[in-house]
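The primary structure of each chain is shown beneath.
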Amino acid sequence: MELEARSLARWPAIVLAAFLVLLSLFIARDSLQTLYAPFPGFLVWDNGYLVSFHDADWTGPQAGLPLNGGRVIAVDGAPFESGRAFRAQVAAKPPGTTFHYRVSVGDTERSVPVASMMLGGVDYVGTFGIYLWNALICFAIGAAALYLRPDHRQSQAFAAAIVLLGLVLLLAIDLNTSYRMVRAYLLAEALLPAGVLAFGLVFPIQWGTERFWRRTVGVAAILATALGLANAWWFYSEPALARRITNVVWLAIGLSGIVLTVNFGYAVLRADTQRQRVQAATVFTGGLAAFLFGAVGLLAFFALGWTFSLTWVVALLFLFPLSVLYAILRFDLFQAERFIRLALGYGVATAAVAVTYAGGVALLDAVLSPIAARGPFASFVLLLALAMGFEPLRRAVQVAVDRYFYRSPLDAGRVLEDSSAAFAESVDEDALSRELERRLISALSLRWAHVGDDVPEDPEPALVEPVEFGEERLAWVAVGPK
């Protein structure tokens, strides 16, 4: 039953990974159609706003297009209709053709001639490739964390935040090329700060109670969803207003990246255990490299109006999920080490059993073929015997494998001996409680443990016992399921 429950809990991670793979292939295919084809020399949204997403040698920035806040309102004297129609118009003429763009910046308008160009492989890798690479890294590590620990709050929050980040990066490619999923991008973009908040409140230390986390994240998600839907509603009808909403969202994304990095640094100093400090330090190093540069760049772009390509703002983002992956494998982040070990061992055992079955069938075929050749009745009896004997054998093997991999061996004497030494060295009550929680979780393979003056109501404990000295009650020990 425990194995079946875990398998069912991991199905969302498998379905999510499959969906993200298909979505990535779909968007990558669309974006690759821009390769070695006539290209405007710059990128533009479907509502006409220019995008600061380019290489330095593209003809658009070289011609002086106002890429931070400018909007195309006419092309060769004809009103700008949509991004797709505009790209088709450029593609109909050979590279090097000069187009005259009427561009508005604030209350002013001006005409800017820009020659079209050919988008080469280096141009693609330096722009769309960077976004696609980071998105795939985010998807892979987010799905892996959710698969390894689908029941762990930190793992769930991390998967939500990192997959949202990957979606924003992936859908940004569509936003600038095929324009199929514009509203999906705007919603994912608005939800990203809420996802970062959800992760920051539980990692590497939890801020407040479980109920506080749920309420805070719920309110943030509702507000973010409302902002994303409003942006999607006004994107075409009120593009200037939608642009201002986008600026607010990206300011929130930049600030959330800075706050998350500061939170990691704070945890390095204030974590209860050495393990938490090492985990936090590892992730802090990756987060500092990934987020700080990008967050400062976003604030400078949207708050100060600096003009540069946003491509390089996300260039180092992959370092954060990689640091989390390293912390999972090296320092048992999200307490995933046992599950990695079990998954690997269980996979090897399954392969060994399958090979043994196949060898047994081949051996039986060689031995029993002469008997079966005597007639149809003999073949029927042999087939019936195999059918009746296989299921009990399969069940016995399955029970043996499950018992070996999912049994919780416990040497109570050694655990008490090791714990006594650790408790004797602790003089702080909070640190002693946290150490007891950690040892209970490790020794009994528990999902969670709590030691304190009160008994948590959410989540509901599986077992509650008092800690007493004589007639004095010192604390309560509450533990979750195995």
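Relevant structure appears above.
Small disclaimer: the values here were computed from a predicted structure and weren't measured.

Reading the values: rules and limits
Sequence order as written defines residue numbering, which begins from 1 separately in each chain. Only residues with pLDDT of at least 70 get local features here, since the model is predicted, and only at 80 or more are side-chain atom pairs given and counted; chain-wide, interface and lining totals rely on the full set of residues. Based on all heavy atoms of the structure, the side-chain values leave hydrogens and waters out of the count. For the purposes of this section, nonpolar cores are sets of buried Ala, Val, Leu, Ile, Met, Phe, Trp, Tyr and Cys residues that join through side-chain atoms within 4.5 Å. Between buried and exposed lies partly exposed: a residue is buried under 20% and exposed over 50% of the maximum accessible area for its type, with that area taken using a 1.4 Å probe on protein chains only. Here a residue-residue contact requires only that any non-hydrogen atoms of the pair lie within 4.5 Å. When DSSP finds two or more bridges between a pair of strands, those strands are recorded as paired. Counting from the N terminus, the helices are DSSP H or I runs at least four residues long and the strands are E runs at least two residues long. All axes are obtained by fitting lines to C-alpha atoms, using only the stretch in contact for helices, and the reported angles, taken between N-to-C directions, cover 0 to 180 degrees. An arc is given here, and it is the one of the directions from the helix axis to the C-beta atoms. Salt bridges are identified by distance alone: a Lys or Arg side-chain nitrogen within 4 Å of an Asp or Glu carboxyl oxygen. Within this analysis, patches are made of residues with over 30% relative accessible area and no salt bridge. Like charges are joined at 9 Å or less; nonpolar side chains (Val, Leu, Ile, Met, Phe, Trp, Tyr) at 5 Å or less. Only the protein chains shown count as cover for residues, with accessible areas throughout obtained via the Shrake-Rupley method and a probe of 1.4 Å. As used throughout, the charge tally considers Lys and Arg to be positive and Asp and Glu to be negative, leaving His and the chain termini uncounted. Note that the charge is assigned to NZ on lysines, CZ on arginines, CG on aspartates and CD on glutamates. Note on aromatic contacts: the rings of Phe and Tyr and the six-membered ring of Trp form a pair at centre separations within 6.5 Å, being stacked when their planes are under 30 degrees apart, edge-to-face when over 60 apart, and tilted otherwise. In protein, a polar contact requires one atom able to donate a hydrogen and another able to accept it; more generally it is a pair of N or O atoms within 3.5 Å, and residues adjacent in sequence count only if both atoms are side-chain atoms.

(A) Broad picture of the nonpolar core. Counting residues in each nonpolar core, the largest one holds 83 residues, and the members touching the most others are Tyr101 and Phe199. Ignoring anything within four residues of it in the chain, the contact list for Tyr101 reads Pro40, Phe42, Val72, Ala74, Val75, Phe86, Val90, Arg110, Ser111, Val112 and Val114. In this structure, Leu446, Val451, Ala475 and Val477 belong to the second largest nonpolar core, which totals seven residues.

(B) Expanded view of the sheet that holds strand S5 (residues 78–79). Read from one edge of the open sheet, four strands run S5-S4-S6-S7, paired in antiparallel fashion. The open sheet has two edge strands, S5 and strand S7 (108–115), and neither has a second partner. Inspection of the sheet shows strand S4 (residues 71–75) paired to strand S6 (residues 98–105) by four bridges, in the antiparallel sense. Opposite Ala74, over in S6, you have Arg102 as the bridge partner. Across the sheet, helix H3 (residues 83–91) lies against S4 and S6, angled at about 155 degrees from S6, the strand it touches most.

(C) Representation of H3 within the structure. What H3 keeps buried is the set Gly83, Phe86, Arg87 and Val90. One face of H3 carries all of its buried residues, which in axial projection span an arc of 100 degrees. Packing partners of the buried residues in H3 comprise strand S1 (38–39), strand S2 (43–44), S4, S6 and helix H5 (153–176).

(D) Looking closely at the pattern of salt bridges. Enumeration according to the criterion identifies seven salt bridges in this entry. Its salt-bridge partner being Glu468, residue Arg473 comes within 3.4 Å of it at the nearest N-O pair. The network of salt bridges with shared partners includes Arg29, Asp30 and Arg180.

(E) Structural view of a negative patch on the surface. A surface patch of like charges, here negative, comprises Asp428, Glu429, Asp430, Asp453, Asp454 and Glu457. Along the chain, Asp428 turns up in the loop between helix H13 (412–424) and helix H14 (429–444).

(F) Quick look at the sheet that holds strand S9 (residues 449–452). With respect to topology, three strands assemble into an open sheet ordered S9-S11-S10, the strand pairing being antiparallel. Across the chains shown, the open sheet's two edge strands, defined by having one partner strand only, are S9 and strand S10 (463–469). Pairs of neighbouring strands in the sheet enclose a mean axial angle of 20 degrees, with direction left out of account. Alignment of S9 against strand S11 (residues 472–479), held across four bridges, turns out to be antiparallel. Considered in S11, the bridge of His450 is made with Ala478. Sheet strands touched by H14: S9 and S11. Its angle to S9, the strand with the most contacts, is close to 155 degrees.

(G) Highlighting the packing of aromatic side chains. Tallied over the full model, the rule gives 10 aromatic pairs. Between Phe80 and Phe86 the ring centres are 5.9 Å apart and the planes differ by 50 degrees, which places this aromatic pair in the tilted class. The buried category is assigned to Phe86, whose relative accessible area is 3%. Among the aromatic residues, those joined into a cluster by ring pairs are Phe42, Phe80, Phe86, Phe99 and Tyr101.

(H) Up close: the side chain of Arg87. Its location among the elements puts Arg87 in helix H3. The charged side chain of Arg87 is buried without a salt bridge, its nearest counter-charge being Asp46 at 9.5 Å. Polar contacts involving the side chain of Arg87 include one to the main-chain carbonyl oxygen of Asn176, which spans 3.4 Å. Ignoring anything within four residues of it in the chain, the contact list for Arg87 reads Thr34, Phe39, Pro40, Leu43, Asn176, Thr177 and Tyr179.

(I) Fine view of the environment of Asp76. Its location among the elements puts Asp76 in the loop between S4 and S5. By relative accessible area, which is 37% here, Asp76 ends up partly exposed. In the structure, Asp76 is positioned 35 residues away from Ser111 in sequence and 9.6 Å away in space, judged by C-alpha atoms. Aside from chain neighbours lying at most four places away, what touches Asp76 is Gln89, Phe99 and His100.

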